[in-house]
Amino acid sequence: MGCCFNLVLVSIFFIIQYTTAQSIYRFHLCLGANYSSSAGTGNTFQTNLNHLITSLSSSASNNSIVIRNGYYNTTAGQTPDTVYGSFQCRGDVSLDACKTCVQMGAQDMNTNRRCPSYKQAIIWFNECMFRYSNQHYFNIMQDKPTVYFWSLNNVSNPDEFNQVLDDLLKNLITEALSKSNFAIGDKNLTDSTKLYGFLQCSADISSGDCSRCLHEAIAELPDCCSGRRAGKVITPSCILKFDLDPFFQSTTVSSRPSPRVSPPGSTNAEKPNSKGNDSSKIAISIAVPSAILVLAAIAILVFCFWRKKKKAKKFVYVNDEVLTTESLQFNFSTVSTATDNFSEANKLGEGGFGSVYKGTLPDNQEIAVKRLSKNSGQGDQEFKNEVTLVAKLQHRNLVKLVGFSLAGEEKLLIYEYMPNGSLDQILFDSDKCTQLDWERRYRIIGGIAKGLLYLHEESRLKIIHRDLKASNILLDKDMNPKIADFGMARLFVLEQTQDSTKRIVGTHGYMAPEYMMYGEFSVKSDVFSFGVLVLEILCGQRNSSFHKSDVARDLLSYAWRHWNNGSDIEILDPTLKDACNRSEVMICIHVALLCVQENVADRPCMPTVVQMLNNSVSTSHDLPTSPAFMADGTRHITRHPDLNLVGSAEQGSLRNESISEVSTVSVNEISVTELYAR
């Protein structure tokens, strides 16, 4: 989106559906500074905003104003309190429906219903998008923040479905770019079933920017909506949607046609004879498409080269390191034989990137083989990243990489076998959890802390894991913890303390707020995840299990409430209360709450965490305040002064965690799932 918009995105957990007889509210973002807190300028900005909203509302129904492809923009006021605003209606709705939708958006903004006192806002209804900002954004393609929605239901034939969807969207992009940045269509999935698609860009951006925006949106579909009956991707500049149920409107927005422009010098020119005219037409009909094809081919080659160069530059250290791991490479046939050709009997489990199988090598060494799914989303670079990082990491609390295998599309990672599986398989099982008495849980917490300390401080490579959670903690035969799954890990150079990304990866419930909001990560991001994990180990429940609970909205607020009330011990797993070391429990709760502080600076580093756990005393350390994601009536992240994100409701998830507080919606309704601070 560039520097003109400077959006920051808070993760959304619920989307509240608001319906009127005319239009359906979908989602909105409140962004930018709070103008009411700007001394001397708040009243002026509010006045200009009121004028702008009124102007946008009236322009939707004023036939004397040119509304191009359902789009209109205007400004109000002078610098430094200028307000820029626009609306964009769906290309398949009538002008009356567009008018109604814009007026509804204006009413919401005018009454401060959605974004009171914020300098930037976007609100999406079913038929239109209404927007204003204190920064100029007209004619600028902005592809972040990106909001994903998906259906709750899967298709029965995902491979065939995804191929049809890919073909449909490619056709629609071609159509949209040749017309007015908008296209709808359908494609047969079976003899009796059709897949419907919808694409649209804001009419103020160029066709080239539209193409880039839509292609970026399509590229994210595998991460959010693969194999789903319906999906939607929304950005400020473009939107796409697909569904197995028809959802198009019957009429389209009427727009004033562009005036025809005669070629220079053609007014007085003699009309050519028919033969000459035909020859010219033939020459043009051959030359123009040929030129377009050549230019398109060049553009594609340049784009591919740019992407390849960009990726190579990003992962250059990985490519160099992989060359040093040839001694770890196994033949595919060897691994296949070891796992009995990846038989179901040897399958240990299935995760976000593929299945894991137990195997035995010719020397009788037991192994766990991670077989990456071909459409898992983990490409060659993530695979090489994991190989490189794990091969060079040696610590008793990190899983040991035995080797890897590359054979065509097959990517295999071979680890030491952990007979007790992953922590979540035992911790959250009502029967198996009794195997984890207090002594073992305390040792597991300490072991994970030491493993993170090694990654952050003691290894010659400084590693940020980025996906620390219970399912990524493996347990050996003695229940000692080992951190696993480094596919999303990032390597920091010497003295580097922070980095940022356009792609947010990880698991909902474990991700630090600054990571979800800004895409910024550091060692403190892992510290936050560690804090959540410690609380789960203490209480024996998933963070997500509190979403439908009357006790608390989430585990963090539940733990904080008891800490604040002096009833800390009450969060402990009931099986442990009569047989635990109370002082150790108290220090673990203290450490966990410090780790999940919203402010990055308030979280301890892992050396401090390990010291606190070893000493079992906490009086010399800061007391925690309310953690991030505190929920009181409605779920929210403690608001950043420059950002507020509101939305609602339907049902959401990030990878394998889910939110399950749902309003009444049809089974085909699309649900918020994942937000990328791109």
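The present account deals with the structure reproduced in this document.

Criteria and cut-off values
Residues numbered from 1 in each chain as written. Predicted model: local features only at pLDDT ≥ 70, side-chain atom pairs only at ≥ 80, totals over all residues. Heavy atoms only, no water. Disulfide = S-S within 2.5 Å. Helix = DSSP H or I, 4+ residues; strand = E, 2+ residues; numbered from the N terminus. Buried < 20%, exposed > 50% of the residue type's maximum accessible area, 1.4 Å probe, protein only. Expected span 1.5 Å × (residues − 1). Axes fitted to C-alpha atoms, helices over the stretch in contact; angles between N-to-C directions. Parallel < 35°, antiparallel > 145°, perpendicular 65-115°, else oblique. Left-handed = near helix turned anticlockwise from the far one by under 90°. Contact = heavy atoms within 4.5 Å. Patch = residues over 30% accessible without salt bridge, like charges linked within 9 Å, V, L, I, M, F, W, Y side chains within 5 Å. Areas by Shrake-Rupley, 256 points an atom, 1.4 Å probe, with all protein chains shown as cover. Salt bridge = Lys/Arg side-chain N within 4 Å of Asp/Glu carboxyl O. Lys, Arg positive; Asp, Glu negative; His and termini not counted. Charge placed at Lys NZ, Arg CZ, Asp CG, Glu CD.

Moving on, we get to the state of the cysteines. Enumeration according to the criterion identifies four disulfides in this entry. A disulfide bridge connects C101 with C128, and the sulfur atoms are separated by 2.0 Å. For the disulfide bridge between C101 and C128, the dihedral angle about the S-S bond is near -85°, and by the sign convention the bridge is left-handed. Here C128 lies in strand β6 (residues 128–133) and C101 lies in helix α2 (residues 95–110), a separation of 27 residues in the sequence. Since its relative accessible area comes to 4%, C128 is described here as buried. Sulfur-sulfur distance for the disulfide between C213 and C238 comes to 2.1 Å. Residues C213 and C238 share a disulfide whose torsion about the S-S bond is about -85°; that sign makes it left-handed. Here C213 is found in helix α4 (residues 207–219), whereas its partner C238 is found in strand β11 (residues 238–243), with 25 residues between them in sequence. A single burial state applies to C213 and to C238, both of which are buried.

Bringing α2 into the picture now. Helix length check: α2, at 16 residues, gives a terminal C-alpha distance of 22 Å against a target of 22 Å (1.5 Å per residue), a fit within 8%. Within α2, the full set of buried residues consists of C98, C101, V102, M104, G105, A106, D108 and M109.

Turning to the packing of helix α3 (residues 158–178) against α4, a few remarks are in order. The interhelical angle for the contact between α3 and α4, taken along N-to-C directions, is 165°, at an axis separation of 10 Å. Our classification of the angle between α3 and α4 gives roughly antiparallel. Where α3 crosses over α4, the handedness of that crossing is right-handed. On α4, the residues that touch L169, I173 and L177 of α3 are S207, C210, S211, L214, H215 and I218.

What follows is about a positive patch on the surface. A grouping of R396, R440, R443 and K450 is seen on the molecular surface, where their side chains present a positively charged patch. Here R396 shows up in the loop between α9 (380–392) and β15 (401–407). Overall, R396 belongs to the exposed group, its relative accessible area being 55%.

It is worth stressing that arrangement in space is one thing and function is another; only the former is reported here.
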